[in-house]
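These are the residues of each chain, in order.
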Amino acid sequence: MTASRPSGPTRPARPGPERPDDAADTPSEEDTAARNDLPPPADCDDSDLLAALLEGMDAALCAFDADGVVTHWNREAQRILGWTAEEAVGRHGLAGWAVREADADEVQGRLLGVMAAEGRQVHEFALVTKAGGRVLVRTQSAGVRGADGRPAGVYCAFSEVHAQIDLERSIALSEALFEDAAWGLVLVDADLRPAVANEQAARALRTDRSALLGRPLGELLSQGVEELESALQHVLAEGAPPAPADVWVTLRAGAGGAEERRCWRCGFLRLASPLAEEPVPLGVGWFFHDVTDVRQAERESSLLRFRGNQLHRAARTAAECEDPLEAATVFLDFALAGFADHALLDLASDGEPVRLVRAAATPAGSGGPCSPVVPGGIPLRYIEGHPALLAVERAGSVRASWRNRAGQSPRGAAGAGSGTDRGPAGPTAAGVGAASAEPAAGAGDQARQWAAARQWPEDSVHALCVVLRSRGRTLGVATFLRAGGRNAFERTDASYAEDVACRVGGALDLAEQLDRRGRGRA
């Protein structure tokens, strides 16, 4: 066995007769032969190497010669059975010390019978420890032949059966998780890239298993990747968290699809090599389950409970108001909490066409309670197709949102141009406040102009107008407005606004009756 000389700076030539340049570094035949005749180092004895190999094995190993005498016994065999190499080597067979006398002939016959067989054989034996206990081991034995080809002995590697079974169970569990698990499972390496993934994980990430491997998570997720990578880095550094956690992510749009927001219930496990003396992280086992429908149902249920409590509190507060108009504004104030930023109350005038007069409004700046405005009786000059006028015309609710030329609202709502539609079961009418064709750089100015044209606060980008009716008559319109930092109104919001409008309409009807009675008495 020869070792190559390490590369380094060229040594200076020794003094001697001059040689051609092309032969200066070429060894002669005599030098090569001399090197090959050098004896091997004294510390490279084959027996020492074999002893070191046997002592460093993770499996227990013993060997027998052709007569059944123990010739080798390593440290792992000593750990399992308690017999040292000095006590084991030289004994004839295992009978009476490592095997019970009743089992000795069968065990000895199986072990020595391997010399006449081809290949490796696996057996399970019950061996006896030095302390007198019994341990079930699984052996792998094979014959050893001498230089003449005749059987020279047997080597036998063995380990405790429960350790082997644990290993097999671990392998089977790993294969089952990556093939049949209902949860998504991804093995993420130290670079935070998927190394192995099961079918469920690939389906949840909207790709196939082979295409998923080695890709950065940022190529699969448009939102939530920072939170996910932070969790993976924490697990690599500190270990697994005590409990699973919910992570909201947005999947990137696939071919012909759109981005999709999902909630995953995630758990993490740090993986370390069982062969290393010190724990060396191999990666993170990330398993997750889609709980989007459950979390959305919980949110909707919580929102319904909150809104129901708000209506109950508003009814109790409005019952203490002497002025019915004040009671109507109380309903609007309680409805604003978590629902909208501004509220407007317009009363319908008698006659045709219907005209609307502003009766109450929240402050246009930082918000506040809905307060009555100074009555002037001058109708509002709403533009044609104004959502409030459409709500009166349709006797329902109408939603409207400002959108830029690209068809996106400040929160990314889809659609081309601003649109309005009726309540939960009503029709849809597009084109109220069509998007401007100016560059996106002036989007803020466009939104303010859109709101000013409808006589709304300048920060309004989403509106919900709901008609106020009582005893078969239209009494006015309530308008709820949201700023750009919030989502557009949805159908569930329209249903809630209509519940509020029923109570406001009843209060306005009572205010109108009291006003008529007061004028009649006068």
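Look above for the structure.
Reference entry: report on the structure contained in this document. Think of each chain on its own: its residues are numbered from 1, step by step along the sequence as written. Side-chain atom pairs in this predicted model are given and counted only at pLDDT of 80 or more, local residue features only at pLDDT of at least 70, and totals for whole chains, interfaces and linings cover all residues. Only hydrogens and water are set aside when side-chain values are computed; all heavy atoms of the structure are taken into account.

1. Observations concerning empty space enclosed by the protein
Okay, step 1: A cavity, in this analysis, means grid points on a 1 Å lattice covering only the protein atoms where a 1.4 Å probe fits yet has no way out; a pocket is instead an open set bounded by protein on both sides within 12 Å along at least five of seven lines, and a residue lines either one if it has an atom within 4 Å of a point. Grid points are joined across faces, edges and corners, and a volume is the space filled by probe spheres set on the points. Inspection of every chain in the model, using the stated rule, returns two cavities of 30 Å³ or more.
Okay, step 2: Its volume calculated, the largest cavity comes out at about 70 Å³.
Okay, step 3: Along its surface, the largest cavity is lined by Cys62, Phe64, Trp73, Leu81, Leu94, Leu111, Phe125, Leu127, Val137, Thr139, Cys156 and Phe158.
Okay, step 4: Numbering goes from the N terminus for both helices and strands, where a helix is a DSSP run of H or I of at least four residues and a strand is a run of E of at least two. Those elements giving two or more residues to the lining of the largest cavity turn out to be strand 1 (60–65), strand 3 (120–128), strand 4 (134–145) and strand 5 (151–160).
Okay, step 5: Looking at the lining of the largest cavity, its residues break down into eleven nonpolar, one polar and no charged.
Okay, step 6: Quantified by volume, the second largest cavity comes out at close to 30 Å³.
Okay, step 7: If you list the elements that add at least two residues to the lining of the second largest cavity, you get helix 10 (292–318) and helix 11 (324–336).
Okay, step 8: Here the element with the most residues in the lining of the second largest cavity is helix 10; it accounts for three residues. Just so you know the grouping, Ala, Val, Leu, Ile, Met, Phe, Trp, Tyr, Cys and Pro go in nonpolar, Asp, Glu, Lys and Arg go in charged, and all remaining residues, Gly too, go in polar.

2. Description of the sheet that holds strand 6 (residues 184–188)
In any sheet, the strands associate via hydrogen bonds between backbone groups, in a parallel or an antiparallel arrangement.
Okay, step 1: Two strands qualify as a pair provided that DSSP identifies no fewer than 2 bridges between them. Read across the open sheet, the six strands follow the order 7-6-11-10-9-8; overall the sheet is antiparallel. Only two strands of the sheet have a single partner each, and these edge strands are strand 7 (194–197) and strand 8 (221–223). Adjacent strand axes in the sheet meet at a mean angle of 45°, parallel and antiparallel pairs treated alike.
Okay, step 2: Bridge count between strand 10 (residues 260–272) and strand 11 (residues 281–290): nine bridges; the pairing is antiparallel. Of the residues in strand 11, the one forming a bridge with Gly267 is Phe287. Geometry is summarised by axes, namely lines fitted to C-alpha atoms with helices restricted to the contacting stretch, and by angles between N-to-C directions that run from 0 to 180 degrees.

3. Quick word on the pairing of strand 12 (residues 342–348)
Okay, step 1: Buried, partly exposed and exposed residues are distinguished by accessible area as a fraction of the type maximum, computed with a 1.4 Å probe on protein chains only: under 20%, between the cut-offs, and over 50%, respectively. In terms of burial, strand 12 is largely enclosed, as six of its seven residues are buried.
Okay, step 2: Sheet analysis places strand 12 next to strand 19 (residues 473–483), joined by six bridges and oriented antiparallel. Opposite Asp346, over in strand 19, you have Val477 as the bridge partner.

4. Quick word on the sheet that holds strand 3
Okay, step 1: The strand order 2-1-5-4-3 describes an open sheet built from five strands, whose pairing is antiparallel. The strands lining the two open edges of the sheet, one partner per strand, are strand 2 (70–73) and strand 3. Taken over all neighbouring pairs, the strand axes of this sheet differ in orientation by 25° on average, direction set aside.
Okay, step 2: As paired strands, strand 3 and strand 4 are joined by nine bridges and run antiparallel to one another. Each bridged residue has a counterpart across the sheet, and for Phe125 the counterpart in strand 4 is Val137.
Okay, step 3: By the convention used here, residues are in contact when the closest approach between their heavy atoms is within 4.5 Å. Lying on the sheet, helix 5 (residues 101–112) is in contact with strand 1, strand 3, strand 4 and strand 5; it crosses strand 3 at an angle near 155°.
Okay, step 4: Across the face of the sheet, helix 6 (residues 161–180) comes into contact with strand 3, strand 4 and strand 5 while running at roughly 70° to strand 5.

5. Looking at the packing of aromatic side chains
Okay, step 1: Note on aromatic pairs: the rings of Phe, Tyr and Trp (six-membered ring only in Trp) are paired at centre separations within 6.5 Å, and the planes decide the class, stacked below 30 degrees, edge-to-face beyond 60, tilted for the rest. Taken as a whole, this structure holds ten aromatic pairs when the rule is applied.
Okay, step 2: Measuring from ring centre to ring centre gives 5.6 Å for Trp73 and Trp97, while their planes differ by 45°; the resulting arrangement is tilted. With Trp73 in strand 2 and Trp97 in the loop between helix 4 (85–88) and helix 5, this pair connects stretches of sequence that are 24 residues apart. Pair check on accessibility: Trp73 and Trp97 agree, each one buried.

6. Things to note about the nonpolar core
Okay, step 1: Here the nonpolar core consists of buried residues drawn from Ala, Val, Leu, Ile, Met, Phe, Trp, Tyr and Cys, with membership extended through side-chain atoms lying within 4.5 Å. Ranked by size, the top nonpolar core spans 34 residues in total, and within it Leu332, Phe339, Leu345, Phe480, Val500 and Val504 carry the most contacts.
Okay, step 2: Contributions of two or more residues to this core are made by helix 10, helix 11, strand 12, strand 13 (356–361), strand 18 (460–470), strand 19 and helix 14 (491–521).
Okay, step 3: Excluding residues that lie within four positions of it along the chain, Leu332 makes contacts with Ala343, Leu345, Cys370, Ala478, Phe480, Val500 and Val504.

7. Quick look at the packing of helix 10 against helix 11
Okay, step 1: The contact between helix 10 and helix 11 brings their axes to 9 Å, and the two run at 155°. Taken together, the axes of helix 10 and helix 11 lie roughly antiparallel to each other. The element helix 10 and its partner helix 11 pack so that their crossing is right-handed. Judged by residue contacts, Gln310, Arg313, Ala314, Ala315, Thr317 and Ala318 of helix 10 engage Ala327, Val330, Phe331 and Phe334 from helix 11.
Okay, step 2: Tallied by class, the residues present in the contact of helix 10 with helix 11 amount to seven nonpolar, two polar and one charged. Angle categories: roughly parallel below 35 degrees, roughly antiparallel above 145, roughly perpendicular from 65 to 115, and oblique for all the rest. Working rule for handedness: look at the near helix, and if it is turned counterclockwise from the far one by less than a right angle, call the crossing left-handed; if clockwise, right-handed.

8. Some details on helix 9 (residues 225–238)
Okay, step 1: Counted at 1.5 Å a residue, the expected span for helix 9 with its 14 residues is 20 Å, and the 20 Å between its end C-alpha atoms agrees.
Okay, step 2: Restricting attention to buried positions, one finds in helix 9 the residues Val225, Leu228, Leu232, Val235 and Leu236. With its buried residues spanning 100° around the axis, helix 9 presents them on a single face. With respect to the buried face of helix 9, the exposed residues turned more than 90 degrees away are Glu226, Ala237 and Glu238.
Okay, step 3: Where helix 9 is buried, its residues touch strand 6, strand 8, strand 10 and strand 11.
Okay, step 4: Gly239 lies just past helix 9 and shows a positive phi near 110°. Each residue after the first adds 1.5 Å to the expected span of a helix. Comment: arc refers to directions from the helix axis out to C-beta atoms.

9. Looking at the pairing of strand 10
Okay, step 1: Two strands pair when backbone bridges link them, and strand 9 (residues 245–251) and strand 10 are joined in this way by seven bridges, in the antiparallel orientation. Each bridged residue has a counterpart across the sheet, and for Val249 the counterpart in strand 10 is Arg262.

10. Some words on the pattern of salt bridges
Okay, step 1: Salt bridges, as used here, are contacts in which a Lys or Arg side-chain nitrogen is within 4 Å of a carboxyl oxygen on Asp or Glu. Taken as a whole and assessed by the stated rule, the structure comprises 26 salt bridges.
Okay, step 2: In this structure, Glu260 engages Arg262 in a salt bridge whose closest nitrogen and oxygen atoms are separated by 3.2 Å.
Okay, step 3: With relative accessibility at 18%, the residue Arg262 sits in the buried group.
Okay, step 4: Here Arg448 ties to Asp445 by a salt bridge, and the two come within 2.3 Å at their closest N and O atoms.

11. Here's the deal with the environment of Ser401
Okay, step 1: Residue placement: Ser401 occurs in strand 15 (residues 397–401).
Okay, step 2: Ser401 gets classed as buried once you look at its relative accessible area, which sits at 6%.
Okay, step 3: When the C-alpha atoms of Ser401 and His462 are compared, they prove to be 4.4 Å apart, with 61 residues separating the residues in sequence.
Okay, step 4: Within the structure, Ser401 has its side chain in polar contact with the side chain of His462 (distance 2.9 Å). Pairs of N or O atoms are called polar contacts if they sit within 3.5 Å, as long as, within protein, a hydrogen donor faces a hydrogen acceptor (for residues adjacent in sequence, only side-chain-to-side-chain pairs).

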